[in-house]
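# Topology and contacts: notes
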Amino acid sequence: MSPGEGRDEIEPGLLQVNPFCVQPLKSGKHQLPVRCPTLRATLDAVDDGMLAADVEGRLAFSDRRACEMAGLDPDCNGCSHLSDFGLPALEQLHRQAVASPDRLLVADLAFPRTGVFCEVRMRAIVDDSGRTLGAVAVLKDARSKRMYDRLKADLLAAVSHELRTPLTSILGYASLLLDAGDEMDEEDRSSCLQTIETQGKRLLELINDVIEMGKLDSETLQLKKETCAAGSILEDVASDIRDGHHAARPDVDIVVERAEDDDTVCDALRIRQAVSHLLSNALRYSPPGGKVVLASRREDGRVVIEVRDQGPGIPPDKQGHLFEKFYKVEPPGEGRSGGTGLGLAIVKRIVDLHGGQVFVESALGKGSVFGFTLPAAETKPETRDLAA
Ligand code: ADP
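Notes on the structure in this doc start here. (Residues numbered from 1 in each chain as written. Predicted model: local features only at pLDDT ≥ 70, side-chain atom pairs only at ≥ 80, totals over all residues. Heavy atoms only, no water.)

### What about the overall build of the protein?
Counting its regular elements, the protein contains 10 helices and 12 strands. In the protein, which comprises 388 residues, the proportion classed as buried is 41%. Of the contacts made within the protein by residues no fewer than 6 positions apart, 60% connect residues no fewer than 24 positions apart. For the protein, the accessible surface area stands at approximately 21700 Å², while carbon and sulfur atoms represent 52% of it. (Helix = DSSP H or I, 4+ residues; strand = E, 2+ residues; numbered from the N terminus. Buried < 20%, exposed > 50% of the residue type's maximum accessible area, 1.4 Å probe, protein only. Contact = heavy atoms within 4.5 Å. Areas by Shrake-Rupley, 256 points an atom, 1.4 Å probe, with all protein chains shown as cover.)

### Quick word on helix α6 (residues 186-217)
The terminal C-alpha atoms of α6, which comprises 32 residues, lie 46 Å apart, in line with the 46 Å expected from a rise of 1.5 Å per residue. Of all the residues in α6, the buried ones are C192, Q199, R202, L203, L206, D209, E212, M213 and L216. (Expected span 1.5 Å × (residues − 1).)

### Some points on the sheet that holds strand β1 (residues 49-54)
An order of β2-β1-β5-β4-β3 is seen for the 5 strands of this open sheet, with the pairing classed as antiparallel. Each end of this open sheet is capped by a strand with a single partner; those strands are β2 (59-62) and β3 (104-110). When strand polarity is set aside, the average angle formed by the axes of neighbouring strands in this sheet is 20 degrees. In this structure, β1 lies alongside strand β5 (residues 132-141), joined through 6 bridges in antiparallel fashion. The residue bridging D54 from the neighbouring strand is G134, located in β5. Against the sheet, helix α4 (residues 88-99) makes contact with β1, β3, β4 (117-126) and β5, and its axis sits at roughly 30 degrees relative to β4, the strand it touches most. (Pairing = 2+ DSSP bridges. Axes fitted to C-alpha atoms, helices over the stretch in contact; angles between N-to-C directions.)

### Side note on the pairing of β4
By the bridge criterion, 7 bridges tie β3 to β4 in an arrangement that is antiparallel. In the sheet register, A107 faces β4, and the bridge partner there is V120. Between β3 and β4, which follow one another and run antiparallel, lie 6 residues, and G115 among them has a positive phi close to 75 degrees. Adjacent in sequence and paired antiparallel, β4 and β5 are bridged by 5 residues, among which G130 carries a positive phi angle near 85 degrees.

### Let's talk about unusual backbone geometry
Phi at D300 takes a positive value of approximately 50 degrees, unusual for a residue other than glycine. Tracing the sequence through the fold places D300 in the loop between β9 (291-299) and β10 (302-308). We classify D300 as exposed; its relative accessible area is 72%. Not every positive phi belongs to a glycine, and F326 is a case in point at roughly 65 degrees. Structurally, F326 is set in the loop between α9 (316-319) and α10 (343-353).

### Considerations on the site of the ligand
Taken together, the neighbourhood of the ligand is formed by 18 residues, with N281, R284, D309, V329 and L344 sitting nearest. One of the side-chain nitrogen or oxygen atoms of Y285 is found 3.5 Å away from an oxygen atom of the ligand. Contact distances for the ligand include 3.4 Å between an oxygen atom and a backbone N or O atom of G343. Contact with the protein chains covers 98% of the free accessible surface of the ligand, which is 530 Å². Breaking the shell around the ligand down by element, the ones donating at least two residues are α8 (268-285), α10 and β12 (367-375). In terms of residues, the shell around the ligand owes the most to one element, α8, which gives 3 residues. (Near = heavy atom within 4 Å. Polar contact = N/O pair within 3.5 Å; in protein donor to acceptor, adjacent residues only side chain to side chain.)

If you want it as C-alpha cells, here you go:
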C-alpha cells in the first residue's frame, strides 16, 4: 500500500513532506475530513476557503470556510464531489484548470445556497512527472471587497455631485456678469459677486473637509495623545467662537458646564476640531436668542462631552444616518443648510481613533444633544501627608 492510501489517519512523515497531502489524490478513497489537527487549525485560521479535487472533481479536501460559503456542513460531511457545492461554474473552472495546468484561473462566483459572493483562484496540481492530479482552489470572500468598491463609487459620486452644485452656480453668475457687461446696474453686479464669493467659499469648505476626511482615514495618521481636562478644551473652543475666529452667532448664548475630574487622554487639537464641528452645527440650527451648552463630565470611567442646543431637532428615522459621509437632513421648513454633510463623519472618525463613541439624542421641536465619550485619564491615588 502506498503512503496514506486507504488509511483514515495520516502518516506523520507524509505531513512533514507535504502538509496538504491529507488524502492523496490518486487514492480511490474520497473521504474529506482533514485529519491532521495542525493542518485543520491552520486552514480554519485562514479567512479564505480552500479545496482540492482530483481530475474527476472528487474532493480531496475542503476546509470549514469553503463549506460555510457554500452552505454545506462545516465538516464537509456528506460531501464528496465538487458538484455538491451546487455551483456549476466552479466545476467548469475546475475542468479548465485541469485542462490548462500552467494557468492560474481567477473568477468571481456566487454560491446560490448562501448568496456568498467570492473570488475563486484555481490552479492545477501537477506531480513531479508532469501528470495532472487535480486542482486546488482558494475562495476569497469578496463581500468586503465589493462593499469597499461600492463605498468608493458612492463617495466619488457624492463628492462630484457636491462639487458640481456650487461650481455650476459660480460659472452661471460669472457668465451673467460677462454677458451683461456695463449694462448691469451696481446692485445686481454686487449681488452676483456676492453669490460667487459665497459659493466659492462653500467649494473651499467642501474641498477642505474632503482632504481632512482623507487624512483622518489614512492609516499613517498619528495622534498626539496627552492628558488634558476636557473642560478646558470646551472653554477654548467657546472662546474661539466668541472671539469671532469662526462663523459666529452673536445672538446665541454659549455656556460651558464642566465637572471636576474630567481629565482625558486625547489629541487635544483633534478633540477641539470635533467639538468645534458640533458647536458650529449647534449654532447654525439654534433659534434667535437661543442657548448652546458645552458640557463635560466623568461617567463610568469615561469622560462624556456634550453639545446641547435648542434647535429644531432631528426626526428619529434620520438620526441613525447622521454620522455617515455626505448625509444631510434638511430641518423642517428651514431649507438647505448649506453644509457639506461631512462634519459629523469627521467627528465620528476622530472619536473612533480615540476609542470613544459618538451619540445623538434629539427631539423634534425641542433640540438636540450631540456628544461623544473618551477614555478617562487614570485618577491619581490620593496622597496622604505622612509627616502630619
Ligand atoms: P453639515 O456640514 O451639512 O452640517 P454634518 O455632518 O455636520 O454636515 O451634519 C449632517 C446633517 O445633520 C446636517 O445636514 C443637519 O441636517 C443635521 N444636523 C447636524 N447637527 C444638527 C443640529 N445640531 N441640529 C439639527 N440638525 C443637525
